[in-house]
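Results of the structural survey
Each chain is listed here by its residues.
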Amino acid sequence: MESHVTRFNEGVRSGDWEPMLARFDGGAELRFENVPTGPFVGLDEIRRAYLEQPPDDEIRLLGIQDDDEDGRVTAAFAWAHGGTGRLVLDHARGAVTRLVVIFDE
């Protein structure tokens with residue numbers, strides 16, 4: 001999770017999402033809750049989403065809430081410019097297979 005957030009924030013600063021995207025599985029899924037976008041399925045679709053609608057705010061991890069043995073990590077986060085949410089990241093063999101970004105209402 002920490003590695004993903006570090007790469008995400010580097011992408012926000014640089015506009016280069018490839019270091020973050022390199023950690024996604026080819027069939028990965030990106031979903032959002034409480035915002036009207038996505039879902040995006042497959043690396044090409046996820047890449048297109050980041051290129052066409054790039055995030056413009058960094059996030060700060062507030063704490064890992066759950067790190068189970070089945071390859072799922074859940075963490076609370078805060079946007080640098082305000083707002084909070086949760087990340088649910090599924091991974092296998094070092095690759096992100098599913099990422100759900102939940103915006104708190």
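Attention shifts here to the layout of surface pockets. Estimated volume of the largest pocket: approximately 350 Å³. Taken together, 21 residues form the lining of the largest pocket, with Phe32, Tyr50, Pro55, Trp79 and Phe103 sitting closest to its centre. Breaking the lining of the largest pocket down by element, the ones donating at least two residues are helix H1 (2–14), strand S1 (24–33), helix H3 (43–52), strand S4 (72–79) and strand S6 (95–103). Per-element accounting of the lining of the largest pocket gives the leading share, 3 residues, to S6. Across the lining of the largest pocket, the residue classes tally to 16 nonpolar, 3 polar and 2 charged. As for the second largest pocket, its lining consists of Met1, Ser3, His4, Arg7, Arg23, Val73, Leu89, His91, Gly94, Ala95 and Val96. At the level of elements, H1, strand S5 (84–92) and S6 are the ones that each hand at least two residues to the lining of the second largest pocket. Considering every element that reaches the lining of the second largest pocket, the biggest residue donor is H1, with 3 residues. A breakdown of the residues in the lining of the second largest pocket according to their chemical character gives 5 nonpolar, 4 polar and 2 charged.

What counts as what
- Residues numbered from 1 in each chain as written.
- Predicted model: local features only at pLDDT ≥ 70, side-chain atom pairs only at ≥ 80, totals over all residues.
- Heavy atoms only, no water.
- 1 Å grid on protein atoms, 1.4 Å probe; cavity = no way out; pocket = protein on both sides within 12 Å on 5 of 7 lines; lining within 4 Å.
- Points joined across faces, edges and corners; volume = space filled by probe spheres on them.
- Helix = DSSP H or I, 4+ residues; strand = E, 2+ residues; numbered from the N terminus.
- Nonpolar A, V, L, I, M, F, W, Y, C, P; charged D, E, K, R; others polar.

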